[in-house]
Amino acid sequence: MIEVKHICKSFEEKDVLRDISTVFDKGKTNLIIGRSGSGKTVLMKTLIGLIRPSSGEILYDERKLTAMRKPELKMLRREMGMLFQGSALFDSMTVLENVMFPLDMFTHESWKEREKRAKFCLERVNLTDANDMYPGEISGGMMKRVAIARSIALNPKYLFCDEPNSGLDPKTALLIDDLIHDITKEYNMTTVINTHDMNSVMNIGEKIIFIFEGEKAWEGTKDEIMTSTNEKLNDFVFASDLFKKVKKIENWVNEEG
Ligand SMILES: Nc1ncnc2c1ncn2[C@@H]1O[C@H](COP(=O)(O)OP(=O)(O)O)[C@@H](O)[C@H]1O
Ligand SMILES: [Mg+2]
């Protein structure tokens, strides 16, 4: 569980995050949604300690990240998996070497052990035949799988994904969502996902916080989204094509009835 308490962040004169409080639950896919520029990435970077908030606190299962010095933060980071925009794979390393990288960096296990763990993670994301290939030789969806395998290599308690679906076709995007969701359940991780994709929201939005111009404007579940009367949220939701279609069908059903 990650508790966020009254987080504010300003860059020079600009208030980018304004008094955000929430809780990200363990064993759930927690979604941060909002338009481009609303502050999702800044919030996620603040969560993982890459950006210092101007004020407010962040607690990881009672441990106060915002009070930590570098060595403590480094220890905590060891418990975090990260999947950032783009796949950020190393082009000059094979798929297997990419997944082994965090193990090489952070563990003292033997090469055989590290290889075994990396292969296990690659199998978990259903990539078994690509170990010796280079990122340039595989599809975008496969690269994303490699990145997920790498992010879970160290068996993290907390998983952060910033727009994990960007650049993927809708079908592959759904598969990646499902994979992140299933892994979250399997390892009982606290997973936080930034997205502006309504398909993802309705697919895996167990807990959702909606950010509007740096403020938390709404919080709820994917079922509550459909019945919310929050205007800002509805503007965001119904701006997406999927929901124009759903609304059309609803209106049509109502008229028929
Ligand atoms: N390092 C920075 N310095 C100044 N402004 C920034 C910085 N990082 C982000 N911003 C601003 O913060 C706002 C929110 O950005 P971001 O969190 O990237 O939005 P989102 O991820 O929701 O698209 C934007 O207006 C952006 O220009
Ligand atoms: Mg962003």
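Above this note sits the structure.
A short tour of the structure in this document, coming up. (Residues numbered from 1 in each chain as written. Chains lettered and ligands numbered in written order. Predicted model: local features only at pLDDT ≥ 70, side-chain atom pairs only at ≥ 80, totals over all residues. Heavy atoms only, no water.)

**Digging into the layout of surface pockets**
- Here the largest pocket is characterised by a volume of approximately 570 Å³.
- In this structure, the largest pocket is lined by 21 residues; those nearest its centre are Met80, Gly81, Met82, Pro102 and Phe106.
- Taken together, the residues of the lining of the largest pocket sort by class into 14 nonpolar, three polar and four charged. (1 Å grid on protein atoms, 1.4 Å probe; cavity = no way out; pocket = protein on both sides within 12 Å on 5 of 7 lines; lining within 4 Å. Points joined across faces, edges and corners; volume = space filled by probe spheres on them. Nonpolar A, V, L, I, M, F, W, Y, C, P; charged D, E, K, R; others polar.)

**Structural notes on the packing of helix α5 (residues 140–151) against helix α6 (residues 170–187)**
- Two numbers describe how α5 lies on α6: the axes approach to 10 Å, and their chain directions differ by 15 degrees. When the axes of α5 and α6 are compared, the pair comes out roughly parallel. For the crossing formed where α5 meets α6, the hand is right-handed. From α5, Gly141, Lys144, Arg145 and Ile148 reach across to α6, where they touch Thr172, Leu175, Ile176, Leu179, Ile180 and Ile183.
- Counted by class, the contact of α5 with α6 contains six nonpolar, two polar and two charged residues. (Axes fitted to C-alpha atoms, helices over the stretch in contact; angles between N-to-C directions. Helix = DSSP H or I, 4+ residues; strand = E, 2+ residues; numbered from the N terminus. Parallel < 35°, antiparallel > 145°, perpendicular 65-115°, else oblique. Left-handed = near helix turned anticlockwise from the far one by under 90°. Contact = heavy atoms within 4.5 Å.)

**Comments concerning the sheet that holds strand β2 (residues 14–24)**
- An order of β2-β1-β4-β5 is seen for the four strands of this open sheet, with the pairing classed as antiparallel. Looking at the sheet topology across the chains shown, the edges are occupied by β2 and β5 (63–64).
- Of the strand pairs in this sheet, strand β1 (residues 2–11) and strand β4 (residues 55–60) are connected by five bridges, and their pairing is antiparallel. If you follow Ile2 over to β4, its bridge partner there is Tyr60.
- The sheet strands contacting helix α1 (residues 40–47) are β1, β2 and β4, and the helix crosses β2 at an angle near 60 degrees. (Pairing = 2+ DSSP bridges.)

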